[in-house]
Amino acid sequence: MPQIEANGTLLNYELSGPSGAPVVVFSNSLGTSLAMWDPLVPYLRGRYRVLRYDTRGHGASQVRDQPIEVADLAEDLIGLLDALNIPRAHVVGLSLGGMTGQAAASRHPDRVISLTLMATAAFMPSEASWNERAALVREKGTAAIVEATMTRWFTPNFPASSPDAVAPVHAQFTGTDSAGYAVCCNAIGRMDLRPVLDRITAPTLVIAGRDDPATPPAMAQEICDGIRHAELVVLPNAAHLLSVEQPEATAAHLLGFLDRHREAPEAATGAVAFEAGLTNRKSVLGEAHVERSLNAAGDFAGPWQDFITRTAWGEVWGDPRIPWKTRSFVTLAMMVALGREEEFKLHVRPALRNGVTVPELQALLIQTAIYAGVPAANGAFRWAREVLGDDLA
Ligand SMILES: O=C(O)CC1=CCC(=O)O1
């Protein structure tokens, strides 16, 4: 993943999705990385351009062992937008990321289309307890507090019922640099964003986990009370890392809110459509396949490659009204109905990258038997097995 200098700090980031779509920037929580958004991002693929980054001192971003304020983290976020030539973005943050979002939206209201604040606070006392936590982690590392942290982040039964969701978060936490973590703890201890909330002009969605002991719904209510255009959602069966524990419900609220505050993208034509199409095509089908197709085309099929890149990938897959996950479903269903083995096989792994799960794929192929016939579905099950093999288990 690339790194870029923002506000004098090297930040690790990932930018993906249709080039013409509105940008949604995701800011992570204390002790995680941009990977904490993995369960949520598939819901946005194809509809929004997703920018996620590791907060400084976290993941693969630079660790700077010097005191900072939450305002510095906000300038990092705005610096990242500057470095990537993004004038305005929807800002989404969880916990520390939500604090960063509040600071960014209050300091740079013109840069924020909308603001989504998950499991966060404007004020989180006490400073002494944050300083104690910072000192403990500096001495013993994040591993010393990982188990206590996981009990705040997830409801009691979730780790046992969903170990695959919790394991990556656990690894992100123990992999976080001690100094990077401690510096942010000290910043949270000193933070009080309550006086600047009324400078936030962006429409704001605040999501709290009903069972979150770290930033309970009362803290979310306090944020809503301070912002002019804020709405509050309290998610049941969710603690602090609500986007990991309840990705589907979180995505439904987030997408509904983002869609209501969409700024219309400009339609791409000509060379711009080709470049946009190339980005989308590589993102869905994989770079190697696209390079192979373009290189093999030669003079005769070159214009054909140009045409499908501009139209299928620039205009159709680049139209953010339908998310890529849905486009994958529709494409696979059509390929089954038409008996197109080669094209079905080409699209089956990308469908998983676009967020289609194996049980959903199974359900889709069973549905094709109803509308396209048993032989068509029978063939499709075989094709899926041939491509995905052990990944179906
Ligand atoms: O560490 C916690 O459990 C709560 C928290 C505060 C800021 C953050 O990002 O997480």
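Residues numbered from 1 in each chain as written. Predicted model: local features only at pLDDT ≥ 70, side-chain atom pairs only at ≥ 80, totals over all residues. Heavy atoms only, no water.

(A) Expanded view of the sheet that holds strand S5 (residues 89–94). Spatial ordering of the open sheet is given by S1-S2-S4-S3-S5-S6-S7-S8, a layout of 8 strands whose pairing is mixed. The open sheet is flanked by strand S1 (3–6) and strand S8 (230–235), the only strands paired with a single partner. Neighbouring strand axes in the sheet, compared pairwise and without regard to direction, differ in orientation by 25 degrees on average. In terms of strand pairing, strand S2 (residues 9–16) meets strand S4 (residues 49–53) through 4 bridges, oriented antiparallel. Looking at the pairing, Leu 15 lines up with Leu 51 of S4. (Pairing = 2+ DSSP bridges. Helix = DSSP H or I, 4+ residues; strand = E, 2+ residues; numbered from the N terminus. Axes fitted to C-alpha atoms, helices over the stretch in contact; angles between N-to-C directions.)

(B) Just the UniProt feature "domain: Carboxymuconolactone decarboxylase-like" (unreviewed entry) in the chain, in detail. According to UniProt, the positions carrying the feature "domain: Carboxymuconolactone decarboxylase-like" (unreviewed entry) are residues 304–386. Structurally, residues 304–386 is divided into 83% helix and 0% strand, and its ends, taken at the C-alpha atoms, are 29 Å apart. (UniProt positions renumbered as here; feature names shortened; annotations may be inferred.)

(C) Just the pairing of strand S7 (residues 204–209), in detail. With respect to burial, S7 is a largely interior element, 6 of its 6 residues being buried. Here S7 shows two buried faces, one formed by Thr 204, Val 206 and Ala 208 and the other by Leu 205, Ile 207 and Gly 209. In terms of strand pairing, strand S6 (residues 112–118) meets S7 through 4 bridges, oriented parallel. Paired with Leu 117 across the bridge in S7 is Val 206. As paired strands, S7 and S8 are joined by 6 bridges and run parallel to one another. Across the sheet, Val 206 pairs through a bridge with Leu 232, a residue of S8. Taking the sense of rotation as the criterion, the β-α-β connection linking S7, helix H8 (residues 217–226) and S8 turns out right-handed. (Buried < 20%, exposed > 50% of the residue type's maximum accessible area, 1.4 Å probe, protein only. Right-handed = clockwise from strand over helix to strand, strands pointing away.)

(D) Focus on the nonpolar core. Membership of the largest hydrophobic core comes to 90 residues, with the highest contact counts inside it found for Phe 26, Trp 37, Leu 44, Leu 51, Leu 80, Met 118 and Phe 154. Apart from residues no more than four positions distant in its own chain, Leu 80 is found in contact with Ile 4, Ala 6, Leu 11, Tyr 13, Leu 51 and Tyr 53. Core analysis: the second largest hydrophobic core is formed by 15 residues, Val 336, Val 348, Ala 380 and Ala 384 among them. (Core = buried A, V, L, I, M, F, W, Y, C linked by side-chain atoms within 4.5 Å. Contact = heavy atoms within 4.5 Å.)

(E) Examining unusual backbone geometry more closely. In the segment running from Pro 125 into Ser 126, the intervening peptide bond is cis, with an omega of 5 degrees. With respect to the helices and strands, Ser 126 occurs in the loop between S6 and helix H3 (127–140). Positive phi, normally seen in glycine, also occurs at Asn 85, with a value near 55 degrees. With respect to the element layout, Asn 85 can be found in the loop between helix H1 (70–83) and S5. With phi around 60 degrees, Ser 95 is a residue other than glycine that occupies positive phi space. Here Ser 95 lies in the loop between S5 and helix H2 (96–107).

(F) Representation of the environment of Ser 27 in the model. With respect to the helices and strands, the residue Ser 27 is situated in strand S3 (residues 23–27). For Ser 27, a relative accessible area of 0% corresponds to the buried category. Measuring from C-alpha to C-alpha, the distance between Ser 27 and Gly 302 comes to 41 Å, with 275 residues separating the pair along the chain. Discounting residues that sit within four places of it in the chain, Ser 27 has contacts with Trp 37, Tyr 53, Thr 55, Leu 77, Val 92, Gly 93, Leu 94, Gly 97 and Thr 100.

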